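Below are the chains, spelled out letter by letter.
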Amino acid sequence: MMSEISRNDGTAGGQTGRIGIGLELDAVHMKILEVLRENGRISVAALAERVGISRANAYTRFEALRADGVIKRFTAEIDHVRTGLGITALIFVTVRQQMWKQFRAELARMPEVEYCAITTGQHDAMIQVRVADVAEVHTMVTDRLANIPAVKATETVFILDEVLQRPYVLPSDRRPARPARRPAQDGAGDVPLGKMRFVGAAEGRGALQKD
């Protein structure tokens, strides 16, 4: 039913993609998500006007996005400095590969942790914490993380300024851009600028994911 609604209502003007249980996202869905990114509390009437569709169409599409899990939840964005958490730090952790479950369990007990991701490269995981002062970061690293048997090593980086933070990004945000190229040398032709190398994740990191 949701797929049928999405196909029949304003699919022109954008590439579609199948999401979740079958909702097909078109250009109108993307526009709705763009508007909600600016104001998640906008009324259905105002949303319909911004997107250029009827109120009934806006309501149907909004409910379909929620039901299909594209929109997971609504939350508030706060000023962390005003709430007393003015220090933000990234802690890169090297985990003993047979102890991921213990690491995940201990991390869940730390309310300072705002975000954690498994990473490639030199370290295994990145933790973002928000605390009141530098001393709290020091205590967390030296007294708490260091005493977790699963943690082999840590590296801490303090964030001085959060220059850009978006609620989320969309495929429609991207703009076509020409790849940067060096001038041809010795008649060899254009050479693309920059190279990227990915380091594979160590075995065992998948255990950090939820079962």
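Preceding this section is the structure that the text describes.
About the thresholds
Residues numbered from 1 in each chain as written. Predicted model: local features only at pLDDT ≥ 70, side-chain atom pairs only at ≥ 80, totals over all residues. Heavy atoms only, no water. Pairing = 2+ DSSP bridges. Helix = DSSP H or I, 4+ residues; strand = E, 2+ residues; numbered from the N terminus. Axes fitted to C-alpha atoms, helices over the stretch in contact; angles between N-to-C directions. Salt bridge = Lys/Arg side-chain N within 4 Å of Asp/Glu carboxyl O. Buried < 20%, exposed > 50% of the residue type's maximum accessible area, 1.4 Å probe, protein only. Contact = heavy atoms within 4.5 Å. 1 Å grid on protein atoms, 1.4 Å probe; cavity = no way out; pocket = protein on both sides within 12 Å on 5 of 7 lines; lining within 4 Å. Points joined across faces, edges and corners; volume = space filled by probe spheres on them. Core = buried A, V, L, I, M, F, W, Y, C linked by side-chain atoms within 4.5 Å. Polar contact = N/O pair within 3.5 Å; in protein donor to acceptor, adjacent residues only side chain to side chain. Phe/Tyr/Trp six-rings, centres within 6.5 Å; stacked < 30°, edge-to-face > 60°.

Caption draft 1: Broad picture of the sheet that holds strand β3 (residues 87–95). With respect to topology, 4 strands assemble into an open sheet ordered β4-β5-β3-β6, the strand pairing being antiparallel. The sheet terminates laterally at β4 (113–118) and β6 (151–159), the two strands that pair on one side only. Averaged over all adjacent pairs, the angle separating strand axes in this sheet is 20°, with direction ignored. Strand direction decides the pairing type here: β4 and strand β5 (residues 125–131), joined by 5 bridges, are antiparallel. Across the sheet, Y115 pairs through a bridge with Q128, a residue of β5.

Caption draft 2: Structural detail: the pattern of salt bridges. Under the definition given, this model contains 9 salt bridges. Here D173 and R37 are joined by a salt bridge, their closest N and O atoms 2.9 Å apart. Of this pair, D173 sits in the loop between β6 and β7 (181–182) while R37 sits in helix α2 (residues 27–38), and the two are 136 residues apart along the sequence. Note on D173: relative accessible area 31%, which makes it partly exposed. The salt bridge partner of E38 is R50, with a shortest N-O separation of 2.9 Å.

Caption draft 3: Quick peek at the environment of I127. Within the secondary structure layout, I127 lies in strand β5. In this structure the C-alpha to C-alpha distance between I127 and E112, which are 15 residues apart in sequence, comes to 9.8 Å. Dropping the residues within four chain positions of it, I127 is found in contact with A89, L90, I91, V93, F103, L107, V113, Y115, C116 and L145.

Caption draft 4: Expanded view of the layout of surface pockets. If you add up the space inside the largest pocket, you get close to 1500 Å³. In terms of lining residues, the largest pocket is bounded by 36 residues, among which T75, A76, E77, R166 and P167 are the most central. Of all the secondary-structure elements, those providing two or more residues to the lining of the largest pocket are α2, β3, β4 and β5. It is α2 that provides the largest number of residues to the lining of the largest pocket, a total of 4 residues.

Caption draft 5: Just the pairing of β5, in detail. Burial analysis of β5 places 7 of its 7 residues in the buried class, which makes it a mostly covered element. Burial of β5 is two-sided: the residues A125, I127, V129 and V131 facing one way and the residues M126, Q128 and R130 facing the other way are all buried. The sheet contact formed by β3 and β5 spans 7 bridges and is antiparallel. Bridging across to β5, L90 finds its partner in Q128. Joining the antiparallel neighbours β4 and β5 is a turn of 6 residues, in which G121 adopts a positive phi near 100°.

Caption draft 6: How the structure looks around the nonpolar core. The biggest cluster of nonpolar side chains holds 20 residues, and the ones touching the most others in it are I91, V93, F103, M110, V113, I127 and V129. Going through the elements one at a time, β3, α5 (100–107), β5 and α6 (134–144) are the ones with two or more residues in this core. When residues no more than four places from it in sequence are discounted, the contact partners of I91 are A125, M126, I127, V129, M140, V141, L145, T154, E155 and T156. Counting 19 residues, the second largest nonpolar core, distinct from the first, contains V35, L47, A64 and L65.

Caption draft 7: Quick peek at the environment of R130. Secondary-structure assignment places R130 in strand β5. R130 sits in the buried class, given a relative accessible area of 6%. Sequence-wise, R130 and T88 are 42 residues apart; in three dimensions their C-alpha atoms are separated by 4.6 Å. The contacts of R130, once residues within four sequence positions are left out, are H80, L85, I87, T88, E112, E114, E162 and Q165. At a separation of 3.4 Å, a polar atom in the side chain of R130 contacts the side chain of H80.

Caption draft 8: The packing of aromatic side chains, seen in detail. Scanning the entire structure with this criterion turns up 2 aromatic pairs. On the numbers, 6.1 Å between centres and 40° between planes, the contact of F62 with F74 is tilted. Of this pair, F62 sits in helix α4 (residues 55–67) while F74 is found in the loop between α4 and β3, placing the two residues 12 residues apart along the sequence. Taking the relative accessible area as the measure of exposure, F62 reaches 15% and is therefore buried.

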